[in-house]
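Remarks on the overall topology
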Amino acid sequence: MDPDIRARARVAMRAQLAEAIVDVFVEKGYEQVTTDEAAAAVGISRATFFRYFAGKEDVVVAAVETETPDYGAVLAELEPRPGRTIWELARAALEPTIQAAVADKQRRRERLRLIGSHPALRARFSVRREQLVAALAAALEARVGDPAAFGGMGSLAVAASAMAMVDVAWRRWASSDDVDLVAAVDEGFAALGASSAPLPRG
C-alpha cells in the first residue's frame, strides 16, 4: 500500500475511534471509564487503543482536532468590503466553527462540559488554544497585509482577545440550553469592536 494512503487511513481510523470513545466518556463518565473499558466499548483491543492513543486525554484531543478550522481559507474566500474592522474579520474567520457547533448542539455541549469539568483536559486544551490563536493571527495578517491595522496590540493580541471572548461564549452556551451561541459570540465581538477603526480594505 502507498505510504500516503496508509497514513491517511491511519488518521481517519484514529479520528473515527476518538469520536466513538468520547461518546462513551460522555455517557458513562470520563473518570469512571478505564482505557480497557473504552477499548472494549468500541470493539478494539487494549493494544490497538494504545497504538492510536497515548491515553484517555489523547482521545479527547484527537476527537476535537478533527474539527480544526482553516482560518486562512475562510478569510481568503471572504469578499473584500471596505469599512470592516479587524474584529469583524476575526468574527468571520470563526463563523464555520460556530455554525458547526450550532448544527450539532448536543454533542458539542457534552464535549465542552466534559473538557471543562476535568483540569487535565483543560490543561491539554490550553495548549491547543495557543495554536489556534497563532493560526488566527497568521490568517488575519495575511488578509490585512498592513501591521498598522492591528494598532498597538499586534495580531497575536487581537487573536488572543477574540479567542478569549469566544471561550466565554462557549462556557455560557455549554452551561445553559437557553443560551444562543451565535448571539453570545456576536455580543462579545460587538463589545470588542465598539471603538475599533475600520480597515481600508476589509
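Look above for the structure.
Described below are features of the structure shown in this document. Here the residue index of a chain counts from 1 through its sequence in written order. The predicted nature of this model means local features are confined to residues of pLDDT at least 70 and side-chain atom pairs, given and counted, to a pLDDT of 80 or more, with totals for whole chains, interfaces and linings taken over all residues. Only hydrogens and water are removed before side-chain values are computed, so all heavy atoms of the structure are retained for them.

**A look at the overall build of the protein chain**
Threshold: Per the convention used, a helix needs a DSSP run of H or I reaching at least four residues, while a strand needs a run of E reaching at least two, with both numbered from the N terminus. Calculation of accessible area relied on Shrake-Rupley with a 1.4 Å probe; when residues are assessed, cover is drawn exclusively from the protein chains displayed. Two residue types count as positive, namely Lys and Arg, and two as negative, namely Asp and Glu; His and chain ends fall outside the count. Where a charge lies is defined by one atom per residue type, namely NZ (Lys), CZ (Arg), CG (Asp) and CD (Glu).
Helices and strands together make up the secondary structure of the protein chain, namely 10 helices and zero strands. Element order for the protein chain, N to C, with α for helix and β for strand: α-α-α-α-α-α-α-α-α-α. In terms of its C-alpha atoms, the protein chain occupies a principal-axis envelope of roughly 60 × 45 × 25 Å. When the accessible surface of the protein chain is summed, it comes to about 10700 Å², and 55% of that surface belongs to carbon and sulfur atoms. In the protein chain, which carries 25 positive and 28 negative side-chain charges, the distance between the mean positions of the two groups comes to 2 Å.

**Comments concerning the layout of surface pockets**
Empty space among the atoms becomes visible once a probe the size of a water molecule is rolled across them. Heads up, the condition is: With a 1 Å grid spanning the protein atoms alone, the term cavity applies to any set of points in which a 1.4 Å probe fits but cannot get out, the term pocket to an open set with protein on both sides within 12 Å along at least five of seven lines, and the term lining residue to any residue with an atom within 4 Å of a point. Grid points are joined across faces, edges and corners, and a volume is the space filled by probe spheres set on the points. The classification used treats Ala, Val, Leu, Ile, Met, Phe, Trp, Tyr, Cys and Pro as nonpolar, Asp, Glu, Lys and Arg as charged, and all other residues, Gly among them, as polar.
Within this model, the largest pocket holds a volume of roughly 800 Å³. Lining the largest pocket are 26 residues, and of these Leu112, Ile115, Phe125, Asp167 and Trp170 lie nearest its centre. The set of elements that each furnish at least two residues to the lining of the largest pocket consists of helix 6 (86-103), helix 7 (105-116), helix 8 (119-144) and helix 9 (155-175). For the lining of the largest pocket, the leading source of residues is helix 9, giving seven residues. For the lining of the largest pocket, a count of residues per class yields 13 nonpolar, four polar and nine charged.

**Quick word on helix 6**
How we decide: Expected helix span is computed as 1.5 Å times (number of residues minus one). The angle separating two fitted axes, one through the seven residues that finish at a residue and one through the seven that start at it, defines the bend at that residue. In this scheme, a residue with accessible area under 20% of its type's maximum is buried, one over 50% is exposed, and one in between is partly exposed, where area comes from a 1.4 Å probe on protein chains only.
Here helix 6 contains 18 residues, and its C-alpha end-to-end distance of 26 Å stays within 8% of the 26 Å for a straight helix at 1.5 Å per residue. Of all the bends in helix 6, the largest measures some 45° and sits at Leu94, one to four residues before the proline Pro96. Within helix 6, the full set of buried residues consists of Ile86, Trp87, Leu89, Ala90, Arg91, Ala92, Ala93, Leu94, Ile98 and Ala101.

**Comments concerning the environment of Ala162**
What counts is decided by this rule: We call two residues in contact when some of their heavy atoms are within 4.5 Å.
Locating Ala162 in the fold gives a position in helix 9. Expressed as a C-alpha distance, the spacing of Ala162 and Arg51, which sit 111 residues apart in the sequence, is 36 Å. If sequence neighbours within four positions are ignored, Ala162 has contacts with Trp87, Ala90, Leu136, Phe189 and Leu192.

**A closer look at the pattern of salt bridges**
Going by this rule: Any Lys or Arg side-chain nitrogen found within 4 Å of a carboxyl oxygen on Asp or Glu counts as a salt bridge.
The final tally for this structure, using the stated rule, is 14 salt bridges. Among the salt bridges present, the one from Glu88 reaches Arg81, with a minimum N-O distance of 3.5 Å. We classify Arg81 as partly exposed; its relative accessible area is 40%. Of the charged contacts, one joins Asp167 and Arg129 as a salt bridge, the two residues approaching to 2.3 Å between their closest N and O atoms. You can see Asp167 sitting in helix 9 and its partner Arg129 sitting in helix 8, a full 38 residues away along the chain. For Asp167, a relative accessible area of 21% corresponds to the partly exposed category. Accessibility expressed as a relative area gives 26% for Arg129, which makes it partly exposed.

**Considerations on the nonpolar core**
Quick reminder of the rule: The nonpolar core is taken to be a set of buried Ala, Val, Leu, Ile, Met, Phe, Trp, Tyr and Cys residues, with the residues joined through side-chain atoms within 4.5 Å.
In this structure, Tyr71, Ile86, Leu136, Leu140, Leu181 and Phe189 are the most contacted members of the largest nonpolar core, which totals 33 residues. Among all residues touching Phe189, those that are not within four sequence positions of it are Trp87, Ala90, Arg91, Leu94, Ala162, Met165 and Val166. Counting residues in hydrophobic clusters, the runner-up holds 24 residues, among them Ile21, Phe25, Val64 and Leu121.

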